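# Residue-level structure breakdown
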Amino acid sequence: MKELLNWSIGRLNQAGIDFPRMEAEVLFAGVLKLCREEIYRRPEQVLTEPEKTILCDFVDRRVLREPVAYIIEQKEFWSLDFKITPDVLIPRPETETLVETLLLLNHKNPDELPLRLLEIGTGSGAIAVVAAQEIHNCRVTATDYFLEALDVARLNAENHGVTDKIDFVKSNIFLELPIVLYDCIVSNPPYIQTSRLNDLMADVIDFEPRSALDGGNDGLSFYKRIIPEALNYLKEGGAVVLEIGETQAKEVTSLFYEEDQYEEIKVIQDYSGYDRVVSARKKIYG
């Protein structure tokens, strides 16, 4: 096994892949259906011929810059494993800041009242699944425009035992949703400017769904729809939590202020110190 692992590392390194050892270990683990650490606990394990064939295929695909998550069809998020396909964006570590903000805003529920949460653009369902697990007495409506993404999200909800807490709905943002008042609306919308898409790494632009990346000419297209329209779907005092690009805090907070119906507008940084989330609450009247 060591010889094959070293061969994999060498090929990835020659192809200019960052962190070739780590990625080779992940691919190896994906073939053997083990965690990375387990590889070194089984140095005597011999790969079967079919396993060797799969490993070579995995390495060849990574050399062509296909993301590891698509190759092994899995990505860890919030210490949970999620099924990933090319129909959905790969969950990023920085999106955990979005989840942390969501949980912080909803952790106080002294009367244990039912909480209604709406996620716009659920993709793999990672955010919806974590919210369903972490927020007590929470009912989640998770939307996506693409049926293929909703199929992946449903599978992840099933794998993590929360299908009874999540309703999956095909909708173009709010268009197909009935007017229901939610305690919180959360989204990680596309926010990259169209003109900058081709500047992204090949791993991203050649493989991840463009629809999950393209935020329009100014990168703000989805915020310009979500922020004003959310007011029709929020209870008074209800929160909106949005992931943003690291340079978009000023523009997105301005969109909240322009409505004059939001308060407690805040910008939250991720663990790298970049602006990553904007949250706000619908004003309470009377």
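Further up the page is the structure itself.
Given the structure is predicted, the values throughout are model-derived calculations rather than measurements.

With that settled, the discussion passes to the overall build of the protein. Helix and strand counts for the protein stand at eleven helices and nine strands. Here the protein holds 286 residues, and 48% of them are scored as buried. The contacts in the protein between residues at least 6 apart in sequence include a share of 64% that link residues at least 24 apart. Side-chain charges of the protein comprise 31 positive and 49 negative groups, with the mean position of each set lying 1 Å from the other.

Among the ten residues that make up strand E7 (residues 234-243), eight are buried, leaving the element largely enclosed by the rest of the structure. Where strand E6 (residues 182-187) lies against E7, five bridges are found, and the strand directions are parallel. When the bridges of E7 are listed, Tyr182 appears paired with Leu234. Where E7 meets strand E9 (residues 275-282), five bridges bridge the pair, whose relative direction is antiparallel. Of the residues in E9, the one forming a bridge with Val240 is Ala280.

Another aspect to go through is the side chain of Lys282. Within the secondary structure, Lys282 sits in strand E9. The side chain of Lys282 is buried and forms no salt bridge, while Glu236, the nearest opposite charge, is found at 6.1 Å. Polar contacts involving the side chain of Lys282 include one to the main-chain carbonyl oxygen of Leu234, which spans 3.0 Å. Once residues within four sequence positions are removed from consideration, Lys282 is found in contact with Leu231, Leu234, Lys235, Glu236, Gly237, Gly238, Gln261, Tyr262 and Glu263.

The next thing to look at is the packing of helix H1 (residues 2-14) against helix H4 (residues 49-63). Between H1 and H4, whose axes approach to 10 Å, the crossing angle comes to 15 degrees. The orientation of H1 with respect to H4, classified from their angle, is roughly parallel. With respect to the hand of their crossing, H1 and H4 are arranged in right-handed fashion. Contacts from Leu4, Trp7, Ser8, Arg11 and Leu12 of H1 reach H4 at Lys52, Leu55, Cys56, Val59, Asp60, Arg62 and Val63. Considering only residue class, the contact of H1 with H4 consists of seven nonpolar, one polar and four charged.

So, about the environment of Phe222. The residue Phe222 is located in helix H10 (residues 221-230) in this model. Of the residues examined, Phe222 reaches a relative accessible area of 23% and is grouped as partly exposed. Distance in space between the C-alpha atoms of Phe222 and Tyr191 is 7.5 Å, their sequence separation being 31 residues. Ignoring any residue separated from it by four or fewer positions in sequence, one finds Phe222 in contact with Ile173, Pro189, Pro190, Asp214 and Gly215.

Close contact between H1 and helix H2 (residues 20-32) brings their axes to 8 Å; oriented N to C, the two are set at 130 degrees. Judged by the inter-axis angle, H1 sits oblique to H2. The hand of the H1/H2 crossing is right-handed. Taking contact as the criterion, the partners of Leu4, Leu5, Asn6, Ser8, Ile9, Leu12 and Asn13 in H1 are, on H2, Pro20, Arg21, Glu23, Ala24, Glu25, Leu27 and Phe28. For the contact of H1 with H2, the class distribution of residues is eight nonpolar, three polar and three charged.

Moving on: the environment of Ala202. If you trace the backbone, Ala202 turns up in helix H9 (residues 202-205). It is 6.6 Å that separates the C-alpha atoms of Ala202 and Arg65, two residues lying 137 residues apart in sequence. Setting aside residues no more than four positions away along its own chain, Ala202 makes contact with Arg65 and Phe207.

Here the focus is the side chain of Asp144. With respect to the secondary-structure elements, Asp144 resides in strand E4 (residues 138-144). Despite being buried, Asp144 has no salt bridge partner; Lys170 is the closest side chain of opposite charge, sitting 8.3 Å away.

Because each turn of an α-helix spans 3.6 residues, side chains separated by three or four positions end up pointing in the same direction. The complete set of buried residues in helix H11 (residues 249-259) reads Ala249, Val252, Thr253, Leu255 and Phe256. Taken around the axis of H11, the buried residues stretch over an arc of 150 degrees, which confines them to a single face. Of the residues in H11, the exposed ones pointing more than 90 degrees away from the buried face are Lys250, Tyr257 and Glu258. Where the residues of H11 are buried, they touch H10, E7, strand E8 (262-269) and E9. Looking one or two residues beyond H11, the residue adopting positive phi is Asp260, at roughly 60 degrees.

The rules we used
- Residues numbered from 1 in each chain as written.
- Predicted model: local features only at pLDDT ≥ 70, side-chain atom pairs only at ≥ 80, totals over all residues.
- Heavy atoms only, no water.
- Helix = DSSP H or I, 4+ residues; strand = E, 2+ residues; numbered from the N terminus.
- Buried < 20%, exposed > 50% of the residue type's maximum accessible area, 1.4 Å probe, protein only.
- Contact = heavy atoms within 4.5 Å.
- Lys, Arg positive; Asp, Glu negative; His and termini not counted.
- Charge placed at Lys NZ, Arg CZ, Asp CG, Glu CD.
- Pairing = 2+ DSSP bridges.
- Salt bridge = Lys/Arg side-chain N within 4 Å of Asp/Glu carboxyl O.
- Polar contact = N/O pair within 3.5 Å; in protein donor to acceptor, adjacent residues only side chain to side chain.
- Axes fitted to C-alpha atoms, helices over the stretch in contact; angles between N-to-C directions.
- Parallel < 35°, antiparallel > 145°, perpendicular 65-115°, else oblique.
- Left-handed = near helix turned anticlockwise from the far one by under 90°.
- Nonpolar A, V, L, I, M, F, W, Y, C, P; charged D, E, K, R; others polar.
- Arc of directions from axis to C-beta.

The values are spatial; any link to function lies outside them.
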